[in-house]
Structure formats: structure tokens, C-alpha cells
Amino acid sequence: MRAEASPGAEVDGPGGEQTLQPTSPRRLPRRLLLWAACRHPFEVLVSIVSAAYVALALSPSSYALALRDIGVAGRHPYLGTPRPERWDEWAVLTPYVQATVRSGFSDVNTTSYYQESLRNLMHLPVMDWGFALRPLQWGYAILPPAWAFSLCWALAAWMFLVGWSLLLRRVGMRYSVAVAAVVALFLSGLTQAWWSGIAPLVAFVPWILLVAGWAGPLAVRLPLVAWLTGSWVVSAAYLPGLLHLGFLAAVVGAVFLLRRETLRSLLAVTAAAGVGGAVGVVYLMPVLRVLTETVYPGDRVVAGGGLSWAQWLSQIAPGGVSAGFDALLPGSLPERLAVGTLLPLLALALVDYRRVRAGASAVDLRRLVALLGAFGLVTLWQVTSWGGVPAAVLGWNRSSEQRSLLLSGTLLVLAAAWALSRLPLRLTTRRLVAFLLLQAGVAALPALLVARSPEVSLRHALSTTAALVGASVVLAIVASLVSHWTPRAALPAALVCAVLPTAALWATYNPVQDSRIIFTRHDTPVTRTLDAAADVRPDRAVAVPMSGAVANGLGFRSVYHVLPLPQLDDYRRMFPHVPEDELNRIFNRYSEAIPVEGRHPQLLGEGVVGLPLDVVLGFAALPPSQEDPPQPR
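Below is a summary of the structure that appears in this document. What you see is a predicted model, and the numbers here were worked out from it, not measured in a lab.

Before going further, it helps to spend a moment on the overall build of the chain. The helix and strand tally for the chain stands at 28 helices and 12 strands. Over its C-alpha atoms the chain spans a radius of gyration of 27 Å, differing by no more than 12% from the 26 Å that the globule rule assigns to 633 residues. For the chain, the spread of C-alpha atoms along the three principal axes comes to 90 × 65 × 50 Å. Counting all 633 residues of the chain, 55% fall into the buried class. A separation of at least 24 residues holds for 71% of the contacts in the chain among residues at least 6 apart in sequence.

What follows is the structure in C-alpha cells.
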């Protein structure tokens, strides 16, 4: 009987006879690493890069813009350019992380003028009982803040990339297709532009589904899935996103994991997920209770149909609504991007439709139809008013249609990856040419729609699209040659042709920043001026209208600040002459406070309020050496 060699054994014996001998302890890690690299090369590569990322204390932060504001020179990112449009990260989230560290990881911002709660909708390292449900933040318990900050981002990326890769292979997709789909999702415009906000939201979903579909004992699966779901709710803490990704998880679970023989165990797992989610909601209940009573975002209801066709088409025509990293539609770039990939067009070009009926199983076809049906339901909500009823039932109408592009784009990529994995394909040069023609034709549609605006020329609208098509042409030529020499490499070569152009574009969007500079105490003329202003008052309150919450992140008790939760008592004390209903209309919201003239507060936008400097100076000190205070971006 012939023995099978395992990763921990050597095959050696006289006369060609195979025997098993234990590997020495010194060689075992190397053998295990070699085995893992052969079986899971993508996952091993992601793990190595993530470990190096944390070891060097790197992050995708654009905080260099805040450093520039306070006069810290020569601290640019190692790679890339800080993005002003990622204001939510460098001017709000990162300063709040700094404030949490300065507050001793308390659930109250002790460094702030408002003493607001740090148990809010941002993923912060608050060390209360909910810390057990914040695994992305566990590094703060044992590591210096800079390395813990880096670990949070690296771990989220690792969980996303490795989790989805393992899940897609688990449900039956080809390895090369699964990797291509994961890379396409991660290095899409929407994912990269919103990464600081959606990282916790997208990191846990594949692992919840992996545990749900695992054939292990329920005694292990149930508590694990409950903990993962509770961690997802607490770490993401963004209700519209949780509803969108919860729908995605339900669709994937129903399509790929639900079978007659696993129905009972999946019901138990679903109940455990419900318990974990309920624990997360209990933790967030103080926040949710306040938010439901706010004017914004609490009273926001969206009718549906507000997504432009140009933005919807950018899901299959990446680059159609942007020129480089500039938005072609009104609004900021992150608000106008979608999960745009070329995988759906590649699937359309490569599927051999004549052999689908004979070469694909009925189960595979039903799964594809279910994914496309879910995508169609989201599309109905995005571009027509007919989707208002299902959106209201599912809770999607509590946020804008643009926020659902993460859901629809992921469903479309999964459908394309399933088609490329399970349907019969025809890999020929003609099919690659058909893919290029599809790409060029579809890519021109959003550009033509965008170019209707007098502010955007057709040439400018087509600039990124032309670059992507050109790159695809070059790669298609290479793919054709590779498939001619090595037929088995035809599909991977075609996948590279579809994924690499957009991945290369958006991989450079977020900078590579040294995190240590974020948690360093800086001594500059600006900080010395602010220290002098704080020394004027016993409570050290200052009126520093810097960008967002940057001043508070540096340790200053600035009245001009970003408040995720309203602080009405402070504003009642500041503006006793303002009627209660008007005070509620202006301040009962997520808000950034900036200076205005006069003596009356103003509502300048959904999330922007104006605090009169003349009034504020009765409660805080202005930097003495500045006749004109620094202005926010």
C-alpha cells in the first residue's frame, strides 16, 4: 500500500520504497510555508504584504494635509498623494483616533470642549465592554498607537482579500477567477475612495459567511458567528451600510450555502448571527437613539431613482465619470464612483452561449439568475421610483442611492465571476477582440452622458476611458500570444486583461503614509500659538477654525469642531436667545462647526453649521498672534 506524503513528513527509503519519517522541527515551518504557498499563493502573498505593512507602521491616511496646515514640513507620504476629498478620514476619523488615544481610550472625549461620547459611528479604539467586539482595534491594547493604527487598516484589507478569496473558492469558483474578482472589488474606484469609511463594513462579511457554511461542529460555529456578527455591527456602526451588506450576505448565503441537508444548521447559524447582531445593537443603542431623533441624518428619507445613468453605467465602464482622480459629475469624487470593473463585459464576451444549455447545470444557472435578479432589484431602486417600496422594507431609503453602489457592484462582480467559473467558455482571439469592442462601446456611453454638461468636454470625459481601453488592447495582444503558447493560461491571461487596467489606476489613489508622524507631538509656530491661546483660559478652550476635528486631534479644546452626535445643551448655553425649534433645526444633526460673522448661528449645509466668532469668543480664546484666525479648507 502506497503512503501519502504530508506537509510534515519526508519520503525516503532504500530501493525506491517509500516510508514516512517525521520532519525535524526546524524544517517544519519552512515546509508548511511552502505547502501554503503552493496551495494558496494569493493568500500567502497578501499575508506577507500585510505583515510588512504593519512592521513599517504604514497607513492609507491623507493626514499629511493636516500636517501641512499646522506647519509640519517634509512629512509627505512615502508613495502617492494625500487626497483633500478624503476629508472624512484625515480631518475627522484620524483626529478622533488621536483624541481617543489622548483620552486614555475612554468612551468620553476628555480632550474636547464638548466632552462628547466616543461611542459613535466611527471605528475608534474605545476600551469599554464593546472592545471585545472591536478586533480591528485590539492592537491598541498591546502596541504603540502608530503600529496599532497601521494594524487596523492592514487587518481590514487582509480580511477582505483573503476572506472573499476563500469564500468564492469555497462556493465553487475557479481559483484564478476568485482572485481576479477579489482584486477587482478591492481595487475599484468606490472601494479605494471610501476605504477609510467602509473598511470595517466589508471586512467581516466573508468570514461570517465562511463560518456559516463551515461543516464544523455547531458548538464552535454558533458562538463564532455570533461574535463575528456582533463585531461587524459594532465595528462598522453605519446602519445604511449594514443593511446593504446584510442584504448581500443574505443573497450569497441563500444562493450558495442553502441546501436541504444544511437547512437546520443554517437556521441555527442565522439565529446565532441574529443574537450577535442584537448584542451589537444594544451596545450602539445610545447612539442609535440619539440619531433617530436628529434632523440629519435621522429624518432623511430618499424616494429612489436619483442615481444618474452615467453613474450606473460606470459599474461596467470604469472611468466613465472621472478624468484621472477628478470627478466629471457635480460633487466630490468619492460620491460619484462605483464598483466599476470589466469582469461583466469579459463574461459577456467569453461565454459560449451555444453550449450553455448542455454544458451548465441547472443549479449553476439558477444561482446566476438569482445574483442578477438581486442586482436588478437594487438597480430598480437606484434609477427608477418603482423600487421605493422594497427599498423602504429593506431600509435602503434611509440613505442616498449612491450608497447602494457598493451592494450592486459587488453583486454584479459575483455574477460575472460565477459565469466565468461555471459556464462553458470559448477562449479565442476573436472573443478577446469582442471584449475590447464591448469595452470601447460601453465605455463611451457614460462619457457621452457626462459631456452633455457645458463644463465638461467630450475629450476630457473620454480621457480616462481611452487610457483604460488602450491598456486593455496591449494586454489583450499579450493574452492572445500567451493563450496560443499555453492554452491552459488563456483564462488567467484574459482575466489580467480585464482586471489590471482599473486595478493599476486605483491602486495609486490612497497614499502610503508613515503612521508614526500622526501620533507625534509637533512643535511648530502654529501649535505654539494655539498653546498660548489655551493658556489664557482656565478651561483651555480655544476658537480654532481648523479643518474638521484636526485641532482636537492635536489636543486642543476647540469650539470649532466636528460632532458626530449633537450637543444641544452646549449650544443652548451659547445661544440662549435662539428659539428652541430653530436651535433644534440648526444643531440637532451631524455637524462641522465653522466661523461666520454676526451673532446668530446659521445652517450652511446638511452637515455644516456656522458659529458666530463674536459669540464664540465669550466661551473660548482666539490665538493672540492672529488677527485673522486660520480658515478651514
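Having seen it, we continue.
This paragraph deals with helix H2 (residues 41-55). Residues spaced three or four apart along an α-helix face the same direction, because each turn holds 3.6 residues. For H2, spanning 15 residues, the distance from its first C-alpha to its last is 21 Å, which sits close to the expected 21 Å at 1.5 Å a residue. Of all the positions in H2, only Phe42, Glu43, Val44, Val46, Ser50 and Val54 are classed as buried. Remark: alanine 57 follows H2 within two positions and exhibits a positive phi of approximately 55°.

We now examine the sheet that holds strand E11 (residues 602-605). Strand order in this open sheet of 4 strands is E9-E10-E12-E11, and the pairing throughout is mixed. Pairing within the sheet leaves two strands with one partner each, and these edge strands are strand E9 (562-563) and E11. Judged from the 2 bridges that link them, E9 and strand E10 (residues 591-596) form a sheet pairing that is antiparallel. Of the residues in E10, the one forming a bridge with valine 562 is glutamate 592.

Of the pockets and cavities examined, the largest pocket occupies roughly 1700 Å³. Counting residues per element, the lining of the largest pocket draws most heavily on helix H11 (residues 239-257), at 5 residues. Partitioned by chemical class, the residues of the lining of the largest pocket number 26 nonpolar, 13 polar and 9 charged. Along the wall of the second largest pocket there are 24 residues; nearest its centre are Val49, Tyr53, Leu161, Phe186 and Leu187. Elements that contribute at least two residues to the lining of the second largest pocket include exactly H2, helix H5 (145-170) and helix H6 (175-186). Partitioned by chemical class, the residues of the lining of the second largest pocket number 19 nonpolar, 5 polar and no charged.

What follows concerns the side chain of serine 472. Looking at where serine 472 falls in the secondary structure, it is placed in helix H22 (residues 463-485). There is a polar contact of 3.1 Å between the side chain of serine 472 and the side chain of glutamine 439. With residues up to four places along the chain from it excluded, the contact list for serine 472 reads Leu342, Leu436, Gln439, Cys497 and Pro501.

Any two side chains of opposite charge can pair, on the condition that their charged atoms come close. On inspection of all chains with the given rule, the structure shows 15 salt bridges. Put simply, aspartate 523 and arginine 528 hold a salt bridge, and the shortest N to O gap is 2.8 Å. Classification of aspartate 523 by relative accessible area gives exposed; the value is 59%. Sharing partners across several salt bridges, the network here consists of Asp569, Arg572 and Glu580.

Parameters and conventions
Residues numbered from 1 in each chain as written. Predicted model: local features only at pLDDT ≥ 70, side-chain atom pairs only at ≥ 80, totals over all residues. Heavy atoms only, no water. Helix = DSSP H or I, 4+ residues; strand = E, 2+ residues; numbered from the N terminus. Rg over C-alpha atoms; globule rule 2.2 N^0.38 Å. Buried < 20%, exposed > 50% of the residue type's maximum accessible area, 1.4 Å probe, protein only. Contact = heavy atoms within 4.5 Å. Expected span 1.5 Å × (residues − 1). Pairing = 2+ DSSP bridges. 1 Å grid on protein atoms, 1.4 Å probe; cavity = no way out; pocket = protein on both sides within 12 Å on 5 of 7 lines; lining within 4 Å. Points joined across faces, edges and corners; volume = space filled by probe spheres on them. Nonpolar A, V, L, I, M, F, W, Y, C, P; charged D, E, K, R; others polar. Polar contact = N/O pair within 3.5 Å; in protein donor to acceptor, adjacent residues only side chain to side chain. Salt bridge = Lys/Arg side-chain N within 4 Å of Asp/Glu carboxyl O.

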